[in-house]
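Per-entry structural report
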Amino acid sequence: MNRSLSITTKHGLLKTPFFMPIATQGAVKSLTVADLKRLGATIVLSNTYHLYLRPGEKLLNSAKGLHGFMKWDGPILTDSGGYQVFSLGAKNNNGLVKLTDDGVEFKDHLRGGKHFFTPERALEIQSAIGSDIRMVLDICSEYPCTEEKAREDMERTLAWAERSIEYKKKNDGDYLLFAIVQGGMHQSLREECARRLVEMPFDGYAIGGVSVGEPWEEARKVLDWVVPLLPENKPRYLMGVGKPEQMQEAYRKGIDMFDCVIPTREARHAKLYTTDGTTYGEINILNEKYSTDFSVINPNSKLEELQTYTKAYLRHLFIVKEPLALRLATLHNLETYLTLFSSNSS
RNA sequence: GCAUGGAUGGCGGAGUGGUCAAACGCACCAGACUGUAAAUCUGGCGGCUUUAUGCCUACGGGGGUUCGAGUCCCUCUCCAUGCA
């Protein structure tokens, strides 16, 4: 079953399934927009919290949004900052984040200043960014999480989803709004959350609260509980997952959209994700055995640099800390990730 | 030739009588990373042993003092600086 949907956005038509390279701060680290086009990226993901801190809404407004600023003319999806509540706060329990029913108070990680995000505020900032697909502010339960805490997070996520819908109705609504299913690793919560969200008129539904440290088996179960409850005709987005095989499995289970920091972050850490078109592998290019491996980085690449430069050369660039290493590795991993579904969807 | 100060692991550099196979860097080897506080973090890094609170060899060479020396003494070699 080759599930495929079309998603219409202000900046073009998207065809699922697809992977979204992550441009948290308005750039896919080490790449240009032209690189992204060459790689065949159709959409990028950016981040409300980070862009709110820098460059800030005011500048984004005068730059004609993130599209105008970074010169990407395709669709942009923005995460709401919900994940930063988790990664800056809940995950470390460092007092940077305080949750209430109304919203979340942050101490930002740069200057320590206080900020208050509500679901409405998160959408307001996303409007300054001008993203095509906007995520509701949610609460990502940590792993592991008691049922009691997961329910509290879920109830807030649901209430915030409702408020987000209201906000969209009252304001310029020329964008797609996605809800996020939470509920930890608890089947009843996940199912309840999905059912209640589906009753609200969202343009798409994401599954959040996975890839937070749980074994893949757990995430797989969440997919099995939630996906059947989501509407067939609306896009389903699995947030933050994952390894190539995990994404393909999730696609088979009915997921349409993916994002993950793995290809870009790990590229900068010298891990290369390889494929021969059917199977996937990982190599640490820093390993000594590549010091004399003069085979090219990827003979099947559509990028000239990847079928020219050798592995031994790339390893050398990493060792001497040449910035070109980060760029080549990032190009390589994204190419692998962006061709993940090219055989399934035709 | 005299005087003074040095000589420590691949390199730099701690250490002045025991808890030193030797801090900390660097280099090297390996691992981690899943809605990016991440060009980051973790581990290893004399030899042997599967492991170890294990054994062996080690702080320029040789000799000595001491229960015990990288640390104290004598001597040799080399290096640096100063004076002849």
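Quick caveat, the model's predicted, so the values are computed rather than measured.

**Topic: the side chain of Asp108**
By the element assignment, Asp108 lies in the loop between strand E7 (104–107) and strand E8 (114–117). Within the buried set, Asp108 has no salt-bridge partner at all; the shortest N-O distance to an opposite charge, 4.5 Å, is to Arg111. At 2.8 Å, the side chain of Asp108 and the backbone nitrogen of Leu110 are in polar contact. Excluding residues within four positions of it along the chain, Asp108 makes contact with Tyr49, Leu53, Gly113 and His115.

**A closer look at the domain arrangement of chain A**
Domain boundaries assigned for chain A yield domain 1 (6–260) and domain 2 (271–337). Here the C-alpha centroids of domain 1 and domain 2 sit 30 Å apart. Roughly 1,300 Å² is buried in total at the junction of domain 1 and domain 2, and carbon and sulfur atoms are behind 61% of that figure. When the buried area of domain 1 at its contact with domain 2 is split by residue, Arg38, Leu39 and Pro244 rank highest and sum to 42% of it. For Arg327, the salt bridge is made with Asp35, and the minimal N-O distance between the two is 2.5 Å. Joining domain 1 to domain 2, the criterion identifies eight residue pairs in polar contact (both at pLDDT 80 or more). Listing elements by their share of the side of domain 1 that touches domain 2, those giving two or more residues are helix H1 (33–39) and helix H10 (244–252). Its residues assigned to classes, the side of domain 1 that touches domain 2 comprises eight nonpolar, four polar and five charged.

**So, the protein's contact with RNA strand B**
In the vicinity of RNA strand B lie 44 residues, with Cys140, Ile180, Ser211, Thr264 and Arg268 positioned nearest. Those atoms of RNA strand B that come within 4 Å of the protein belong to sugar or phosphate at a rate of 48%. A distance of 3.0 Å separates a sugar or linking oxygen of RNA strand B from a polar side-chain atom of His50. Take Thr264: an N or O atom from its side chain is 2.4 Å from a base oxygen of RNA strand B. Among the elements of the structure, strand E4 (44–47), helix H5 (82–90), helix H11 (262–268) and helix H12 (311–319) are those that each provide at least two residues to the surface near RNA strand B. Here the residues of the surface near RNA strand B are counted per class, giving 15 nonpolar, 18 polar and eleven charged.

**Here we look at the pattern of salt bridges**
By the definition in use, this model includes 29 salt bridges. Of the charged contacts in the structure, one is a salt bridge between Arg151 and Glu192, with a shortest N-O distance of 2.9 Å. In this pair, Arg151 sits in helix H7 (residues 147–170) while Glu192 sits in helix H8 (residues 187–198), placing the two residues 41 residues apart along the sequence. Residue Glu192 is classed as partly exposed on the basis of its relative accessible area, which comes to 22%. The network of salt bridges with shared partners includes Arg3, Glu232, Arg236 and Asp256.

**A word on the sheet that holds strand E6 (residues 97–99)**
The pairing of strands in a sheet happens through backbone hydrogen bonds and is either parallel or antiparallel. Taken together, the three strands give an open sheet; going across it, the order is E6-E7-E8, and neighbouring strands pair in antiparallel fashion. Edge positions in the open sheet fall to E6 and E8, since each of these has one partner strand only. Neighbour to neighbour, the strand axes of the sheet diverge by 15 degrees on average, direction disregarded. Pairing analysis gives four bridges linking E7 to E8, with the strands arranged antiparallel. The residue of E8 that forms the bridge with Glu105 is Phe116.

**Re the packing of H12 against helix H13 (residues 323–338)**
Two quantities define a packed helix pair, namely the angle between the helix axes and the distance between the axes. It is the contact of H12 with H13, at a shortest axis distance of 7 Å, that shows an interaxial angle of 130 degrees. It follows from the interaxial angle that H12 and H13 lie oblique. Considering only the axes of H12 and H13, their crossing is left-handed. Of H13, the residues touching H12 (which contributes Tyr313, Leu314, Leu317 and Phe318) are Leu324, Ala325, Leu326, Leu328 and Ala329. For the contact of H12 with H13, the residue count by class is nine nonpolar, no polar and no charged.

**Notes on the packing of H7 against H8**
Between H7 and H8, the least distance of the axes is 10 Å, while the angle of their chain directions is 5 degrees. Here H7 lies roughly parallel to H8, going by the angle between them. Only Ser188, Leu189, Glu192, Cys193, Arg196 and Leu197 of H8 make contact with H7, whose side of the interface consists of Glu147, Ala150, Arg151, Met154, Glu155, Leu158 and Ala161. Of the residues assigned to the contact of H7 with H8, the class counts are seven nonpolar, one polar and five charged.

**Let's talk about unusual backbone geometry**
Of the consecutive residues Arg54 and Pro55, the connecting peptide bond is found in the cis state with omega at 10 degrees. Its place among the elements puts Pro55 in the loop between helix H2 (48–53) and helix H3 (57–62). Between Tyr143 and the following residue, Pro144, the backbone shows a cis peptide bond with an omega angle of -5 degrees. Tracing the chain through its elements places Pro144 in the loop between strand E9 (133–135) and H7. For Lys321, which is not glycine, the phi torsion reads 60 degrees and is therefore positive. By the secondary structure assignment, Lys321 is in the loop between H12 and H13. Overall, Lys321 belongs to the exposed group, its relative accessible area being 70%.

Calculation criteria
- Residues numbered from 1 in each chain as written.
- Chains lettered and ligands numbered in written order.
- Predicted model: local features only at pLDDT ≥ 70, side-chain atom pairs only at ≥ 80, totals over all residues.
- Heavy atoms only, no water.
- Helix = DSSP H or I, 4+ residues; strand = E, 2+ residues; numbered from the N terminus.
- Buried < 20%, exposed > 50% of the residue type's maximum accessible area, 1.4 Å probe, protein only.
- Lys, Arg positive; Asp, Glu negative; His and termini not counted.
- Salt bridge = Lys/Arg side-chain N within 4 Å of Asp/Glu carboxyl O.
- Polar contact = N/O pair within 3.5 Å; in protein donor to acceptor, adjacent residues only side chain to side chain.
- Contact = heavy atoms within 4.5 Å.
- Domains from an automatic or database assignment.
- Buried area = accessible area lost by both parts, 1.4 Å probe.
- Nonpolar A, V, L, I, M, F, W, Y, C, P; charged D, E, K, R; others polar.
- Near = heavy atom within 4 Å.
- Pairing = 2+ DSSP bridges.
- Axes fitted to C-alpha atoms, helices over the stretch in contact; angles between N-to-C directions.
- Parallel < 35°, antiparallel > 145°, perpendicular 65-115°, else oblique.
- Left-handed = near helix turned anticlockwise from the far one by under 90°.

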